[in-house]
Amino acid sequence: RGYLNRPELTAEKFVSNPFSGNDPDYAVMYRTGDLARWMPDGNIEYLGRLDHQVKIRGFRIELGEIEGQLLKHKEIKEAVVTAREDKSGNKYLCGYIVSDRELTVAELREHILKDLPDYMVPAYFVRLETMPLSANGKADRKQLPEPSGSIQTGAEYVAPRNEVEEKLAAIWQELLQQDKIGIDYDFSELGGHSLKAIMLLGRIHKEFNAELQLHELFKSTTIRTLAEALQSSGKSLHSAIEPTAKRDFYPLSSAQKRLFILNKIEKESTNYNLPEVMLLEGRLDKERFESALKRLTQRHESLRTSFAIVQNEPVQIVHDSVEIDLKYLDIESGKNIDAIINGFIRPFDLSKAPLLRVCVASHEKDKHLLMFDIHHIVSDGVSIVVLVKEFLELYQGRELSDLRLQYRDYAEWQNRLLEGEAIRQQKEYWLKVFSDDVPVLNMPNDYQRPSMQSFEGDRLSIRLDEKLTKGLRELSGNKGATLYMTLMSIYNIVLSKYTGQEDIVVGSPIVGRPHTDLENIIGMFVNTLAMRNKPEAHMQYGNFLEEVKKSSIEAFENQDFPFEQLVDSLKLNKDLSRNPLFDTMLVLQNMNIPQLELDELSFKPYKFERKVAKFDITVEAVERGEQLILNFEYNTRLFRKETIEGLAAHFEAITRQIIANPSIKLSEIDMLTELERVQVLKDFNATKTYYPDNVTLHQLFEQQAEQVPDSIAAVFGDKELSFRELNQRANRLARTLRQKGVKADSIVAMLMDRSLEMTVGIMGILKAGGAYLPISPDYPEDRIKYVIEDSGAQILLTQSHLLHKSEVGAEVINLDEETSYHEDGSNLEPISGARSLAYVIYTSGSTGKPKGAMIEHHSAVNRIKWMHKSYPIEQGDVILQKTPYTFDVSVWELFWWAMEGAAVAFLVPGGEKDPAEIVSA
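Here the structure is a predicted model, which is why all the values come from computation and not from measurement.

Caption draft 1: Spatial organisation of the overall build of the protein chain. Across its full length, the protein chain holds 26 helices and 34 strands. When burial is assessed residue by residue, the protein chain has 50% of its 921 residues classed as buried. Within the protein chain, residue pairs in contact and separated by at least 24 positions form 71% of the contacts whose partners lie at least 6 positions apart. For the protein chain, the exposed surface amounts to about 45,900 Å²; the carbon and sulfur share of it is 48%.

Caption draft 2: Spatial organisation of the confidence of the model for the protein chain. For the protein chain, per-residue confidence averages 83 on the pLDDT scale, and 83% of positions sit at 70 or higher. Predicted confidence for residues 149-154 stays below pLDDT 50, and this span has 18 contacts to residues more than four positions away or in other chains. Here residues 882-890 is modelled with pLDDT under 50, and outside its nearest four sequence neighbours on either side it reaches 17 contacts, counting other chains as well.

Caption draft 3: Spatial organisation of the layout of surface pockets. Estimates place the volume of the second largest pocket at around 1,200 Å³. Lining the second largest pocket are 36 residues, and of these Val 567, Lys 574, Arg 578, Asn 579 and Pro 580 sit closest to its centre. At the level of secondary structure, the elements contributing two or more residues to the lining of the second largest pocket comprise helix H8 (254-265), strand E18 (504-510) and helix H17 (563-570). The element that contributes the greatest number of residues to the lining of the second largest pocket is H8, accounting for six residues.

Caption draft 4: Highlighting the pattern of salt bridges. Counted by the stated rule, this structure contains 47 salt bridges. Residue Glu 390 pairs with Arg 299 through a salt bridge whose shortest N-O separation is 2.9 Å. Of the two residues, Glu 390 is situated in helix H11 (residues 381-395) and Arg 299 in helix H9 (residues 286-299); the sequence distance between them amounts to 91 residues. Here Glu 390 and Arg 299 have matching classes, each one buried. In this structure, Lys 611 engages Asp 458 in a salt bridge whose closest nitrogen and oxygen atoms are separated by 3.2 Å. Highlighted residues: Lys 611 in the loop between strand E22 (601-605) and strand E23 (617-624) and Asp 458 in strand E17 (residues 457-464), separated in sequence by 153 residues. Here Asp 458 falls in the partly exposed class, since its relative accessible area comes to 23%. Through salt bridges with shared partners, a single network forms among Asp 325, Lys 327, Arg 357 and Asp 373.

Caption draft 5: Just the side chain of Thr 696, in detail. Within the secondary structure, Thr 696 sits in the loop between helix H19 (674-683) and helix H20 (697-707). Side chain to side chain, Thr 696 and His 698 meet in a polar contact 3.3 Å long. Those residues in contact with Thr 696 that lie beyond four places of it in its chain are Ser 832, Gly 833, Ala 834, His 857 and Val 861.

Caption draft 6: Region of interest: the packing of H9 against H11. At their nearest, the axes of H9 and H11 sit 8 Å apart, and the two run at 130° to each other. By the angle between their directions, the pair H9 and H11 is classed as oblique. Along this stretch, H9 crosses H11, giving a crossing that reads as right-handed. In contact with Arg 288, Phe 289, Ala 292, Leu 293, Arg 295, Leu 296 and Arg 299 of H9, H11 contributes Leu 387, Glu 390, Phe 391, Leu 394 and Tyr 395. Its residues assigned to classes, the contact of H9 with H11 comprises eight nonpolar, no polar and four charged.

Caption draft 7: Molecular detail of the side chain of Ser 551. Inspection of the secondary structure assignment puts Ser 551 in helix H16 (residues 541-557). Looking at Ser 551, the relative accessible area reads 16%, which means it is buried. A polar side-chain atom of Ser 551 sits 2.7 Å from a polar atom in the side chain of Asn 533. Beyond its immediate stretch of four places on either side in the chain, Ser 551 contacts Tyr 429, Met 531, Arg 532 and Asn 533.

Caption draft 8: Representation of the nonpolar core. Counting 118 residues, the largest nonpolar core has Leu 370, Phe 391, Tyr 491, Tyr 541, Phe 603, Phe 632 and Phe 651 as the members making the most contacts within it. Val 742, Ile 765, Tyr 772 and Val 861 belong to the second largest nonpolar core, which has 41 residues in total.

Caption draft 9: Structural view of the sheet that holds strand E12 (residues 305-310). Here three strands make up an open sheet; going across it, the order is E10-E13-E12 and the pairing antiparallel. The open sheet has two free edges, formed respectively by strand E10 (250-251) and E12, since each of these has just one partner strand. Across two bridges, the pairing between E10 and strand E13 (residues 313-318) is antiparallel. Directly across from Pro 251, in E13, lies its bridge partner Val 315. Along the sheet face, H8 touches E12 and E13 and points at about 80° away from the line of E12.

Caption draft 10: How the structure looks around the pairing of E18. When you tally the buried positions in E18, you get six out of seven residues, the bulk of the element. Sheet topology places E18 next to strand E19 (residues 527-533); seven bridges connect them, and they run antiparallel. By the bridge assignment, Pro 509 is partnered in E19 with Thr 528.

Caption draft 11: Up close: the environment of Leu 116. Relative to the helices and strands, Leu 116 is located in the loop between helix H3 (105-112) and strand E9 (124-127). Classification of Leu 116 as buried rests on a relative accessible area of 12%. Between the C-alpha atom of Leu 116 and that of Gln 69, which follows or precedes it by 47 residues, the distance is 8.1 Å. Once you skip the residues sitting within four places of it in the chain, Leu 116 turns out to touch Glu 65, Ile 66 and Gln 69.

Criteria and thresholds
- Residues numbered from 1 in each chain as written.
- Predicted model: local features only at pLDDT ≥ 70, side-chain atom pairs only at ≥ 80, totals over all residues.
- Heavy atoms only, no water.
- Helix = DSSP H or I, 4+ residues; strand = E, 2+ residues; numbered from the N terminus.
- Buried < 20%, exposed > 50% of the residue type's maximum accessible area, 1.4 Å probe, protein only.
- Contact = heavy atoms within 4.5 Å.
- Areas by Shrake-Rupley, 256 points an atom, 1.4 Å probe, with all protein chains shown as cover.
- pLDDT = per-residue confidence, 0-100.
- 1 Å grid on protein atoms, 1.4 Å probe; cavity = no way out; pocket = protein on both sides within 12 Å on 5 of 7 lines; lining within 4 Å.
- Points joined across faces, edges and corners; volume = space filled by probe spheres on them.
- Salt bridge = Lys/Arg side-chain N within 4 Å of Asp/Glu carboxyl O.
- Polar contact = N/O pair within 3.5 Å; in protein donor to acceptor, adjacent residues only side chain to side chain.
- Axes fitted to C-alpha atoms, helices over the stretch in contact; angles between N-to-C directions.
- Parallel < 35°, antiparallel > 145°, perpendicular 65-115°, else oblique.
- Left-handed = near helix turned anticlockwise from the far one by under 90°.
- Nonpolar A, V, L, I, M, F, W, Y, C, P; charged D, E, K, R; others polar.
- Core = buried A, V, L, I, M, F, W, Y, C linked by side-chain atoms within 4.5 Å.
- Pairing = 2+ DSSP bridges.

Quick look at the structure:
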């Protein structure tokens, strides 16, 4: 143990352990470099680091190494490097230098990169006249100034020259938290990294409606070059959406076509309804309510749209006006509100507009439930937010700005777009992603998958606390990833742990509103991305997250190619039991239904249970303040609730490990919770238990017969035996067997059908001291003869109807004859013990010749006691033995039931009592 070829460092860091207690395994302890103090109450307070080691974006960095490298520069007299934190909580490095002349960042970066990696280059450099010192003459880090306004970028400050550069400078200043940025300042030198680059692209798209790829941003790293790239790129391919001329009907978007087909297959389904409920408290003005609803319907064409087939093609028809499906309802006291809501959700007829229904259900004075239900073909998640938000605005009498576009304009544009070169390139990207076999997720289901896909579902939620959520956000920021990317990487690891697969596809919805004029339109814009990642066991987590980030960026850059066309292009085998391409989804939800407090009325979202699951499992992450809520929606025809509870716990456990150690290998991640670890390591291995290993089977039976002599022990057809009768008859047979020479460990064969005589025979052999050997009457005669000869059995117990099979060279005792039983029915003096042979079972044998397995009493008693613990029964229970009897180890298992006070009922084909009669008796 120690550092390779560094004996002095090993001696410094690995020191003697004063707490080892002379245990050689713990003789040495590692000096971490953390500074702490032991408090009077026994707690340990962390004070910081002794060696100025910090962690930036997942990398452990020794600040002294950077300072040493800076001091190698001939112009630098003093150098200090610190780790600081910006307003967003992201850590960065800042270098402070004292030099004879002004040094540019480019110079300093080049000097540091001679010997150190890129992640050790400070984001900021500040030149000081003198280094602030503490009282003992060392650099006073607390007195070092904030870097803002002191950055030197290696370029002269040049002010923005036009409107584009001014807008870009304003975006950079806000994003990078700088007061002044010149057009030749470098993005990375100003502290920009991958996460900020992604955010920058989003803001550029929103501000300029321009299409830039992430890789283009890293080629154009200054405002000057970025402005040129924007001008050369022209408008985004999304900028060409224009209003269409009014017609009788319009084409469907790609997503609408899929939903239209699904509706044709399942006309009575509500799987694609999007219901929403709000709680209204206060005085509801019905006139204002109905007016707002009419104005909303007139504003959005999707709320006046129906669907039909024209010339063998599905089309949408926009109606000039529609009659709103609005109802008022009074809820009786004590009624189940969730049941009323779910009763409100009904199938839609797509040929009739509007595909929206509304109900106001009043259940108390000034308390109402406002229920919306709209079909997915004319709406999506963002549309629901728009619908509710604008309805509330209109209810207050406010005017809304006009909509330049309607959904039909988007559908027309998308159909033209799908014929263009840009979409052809996106199609090539997705076909390349799935150029080899598409992996099918083999999750261990609790129930067999139905032949036709089921949408019966349920949901459970867990809450990640503030510390864990903060850790996720910091991890994402340090790795230059988004929270979505980090959650996707974790979910892939969870699925890989469950399935053992290292090639996984997870679906992910994307808003699909590429144009600013589409933001407030109600319609079905959502596209689905099939995110394929490979969580290979040998990878470090940080490297895997980098791969997920890369694949996510590429997928986002190719998001316009419709999922439905991808499925068609891949020509996947039709499987009606599951979704195409993937079975599980991950959603990061950041759109919430607004709530509003008016003077006389408040509108608040109302939660209700809806038992629907469109996929096997959907994980929805919702940011709620400083915490993250994870909702697990699952198909109840595939999974039990306990299974999903375990999956949720494993998701959290893996998250904690990754945050604690981002460099961990995927193979080293342990998804077990602490409770499960105790269960596996201790509970499952706690097999040691007491059982009476000094008694025999028949002694246990005799004890039971003494306790409950008149209880029924066995039933066969119309016959039955009490414990007393069975015990006495077995004693009589045992005496007969002893007279014929049966001793301890003598093997006595039994060629018998299921019957009361069989139970008497087994117990009689055991009481005589022998071991029973069951032989099925169905065996061929040569096999019966072989087993008798091989075992050395001298006596064969049988029944009258089987005497013709009993000519095997052994003395035959017919248990149907009373002469087989001695007159004395009292218990015998035992001659066998717990280590004596109880029975012999012949197996088929791998060589074709049967082989006998010998079982002693103590082994059988051990099994019996385990069964008693695992399958507790009570006195008076009836155990029905209905399956064909095969003379195997289940014989004495049946006796165990009897020994616990239950009756064993042998049900024979054509002659048994009705099971209900037996249980009743």
